[in-house]
Amino acid sequence: MKKSITVLIPLLLLLCRLPSAAAEQLQVGDSAPAFQAKTHSGGDFDLNARRGNGWTVLYFYPKAGTPGCTAQACAFRDAIQAIRQQGAEVYGLSTDSVTELANFHREHKLSFTLLSDPDAKVTEAYGAKMPVLTMAKRWTFIIDPELKVRRIDDDVDPALDAQKVAAALKQLQAKP
């Protein structure tokens, strides 16, 4: 088992770096792809409902409960007030099931919504799907109140993502 994990982790890291056709199409300034998803609590989320309701931080991550994904989620949990003070809401999205997300949310006392994309359709629409696998790459999108993509980070450090997002929100909102 240990040997297979040792082989799997570098493979996953390599797959995260491979380009995606959809990613080349989605650019800063484009309309964010509309989608609906189930929340970790079993509720419904519709991105269109966010129009006019502040900034949206949508971060994609490979697998709930893994070390990097846990570090990233906990960093957003710890920075959530600073992000919300800038009029933004955070949503973490993975291909995990609602049950897996509910357990992850509860275990780490997360204070923002997790979204389930089990068929990877949303992940693919944003260009964040790993080739071959039904898993997301670790990418973060900042979407303005009119649902335009204002920032795409496809080289995310899970421990620093929340800090980078908070700084980017300040910079983006300062622009005329």
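Fair warning: this is a prediction, and the values are worked out from it, not measured in the lab. Just so you know, the residues in each chain are numbered from 1, in the order the chain's sequence is written. Under the rules for a predicted model, residues below a pLDDT of 70 receive no local features and side-chain atom pairs below 80 are neither given nor counted, while totals for whole chains, interfaces and linings still include all residues. Hydrogens and water molecules were not included; the side-chain quantities draw on all heavy atoms of the structure.

Participant: When you look at unusual backbone geometry in this model, what are you seeing that I'm missing?
Facilitator: Only a minority of non-glycine residues have a phi that is not negative, and only a minority of peptide bonds are not trans. The residue K109 is not glycine, and still its phi comes out positive at about 50°. Only runs of H or I of at least four residues qualify as helices and only runs of E of at least two qualify as strands under DSSP, and these elements are numbered from the N terminus. With respect to the secondary-structure elements, K109 resides in the loop between α4 (98–107) and β5 (113–116). Note on classification: 1.4 Å probe, protein chains only; a residue is buried when its accessible area is under 20% of the maximum for its type, exposed when over 50%, partly exposed between these limits. For K109, a relative accessible area of 65% puts it in the exposed group. Unlike most non-glycine residues, L147 shows phi in positive territory, near 65°. For L147, a relative accessible area of 3% translates into the label buried.

Participant: Before we go on, may I ask you to explain the packing of aromatic side chains in this structure?
Facilitator: Geometrically, a pair of aromatic rings is defined through the distance of the ring centres and the angle of the planes. Ring pairs shown here join Phe, Tyr and Trp side chains whose ring centres sit within 6.5 Å, with only the six-membered ring taken for Trp; geometry is labelled stacked below 30 degrees between planes, edge-to-face above 60, and tilted in between. Here the structure, examined in full by the defined rule, presents 12 aromatic pairs. Summarising the aromatic geometry, the rings of F35 and F45 are spaced 5.5 Å apart at their centres and angled 35° between planes, so their arrangement reads as tilted. Highlighted residues: F35 in the loop between α2 (21–25) and β1 (36–39) and F45 in strand β2 (residues 44–46), separated in sequence by 10 residues. Across this residue pair, the class does not change: F35 and F45 are buried. Members of the aromatic cluster, connected to one another through ring pairs, are F35, F45, F60, Y91, Y126, W139 and F141.

Participant: I tried to follow the pairing of strand β6 (residues 139–143) on my own but got confused; where do I start?
Facilitator: The side chains of a regular strand alternate, residue by residue, between the two faces of the sheet. Burial analysis of β6 places five of its five residues in the buried class, the great majority of the element. Burial along β6 is two-sided: W139, F141 and I143 facing one way and T140 and I142 facing the other are all buried. Pairing between strands is defined by DSSP: at least two bridges between them are needed. Pairing of strand β3 (residues 55–60) with β6 involves five bridges; the strand directions are antiparallel. Looking at β6, one finds that Y59 is bridged to T140. Here β6 runs beside strand β7 (residues 149–153); their pairing, made up of four bridges, is antiparallel. Pairing of F141 across the sheet is with I152, part of β7. In sequence, β6 turns back onto β7 through a hairpin of five residues, with L147 there showing a positive phi of about 65°.

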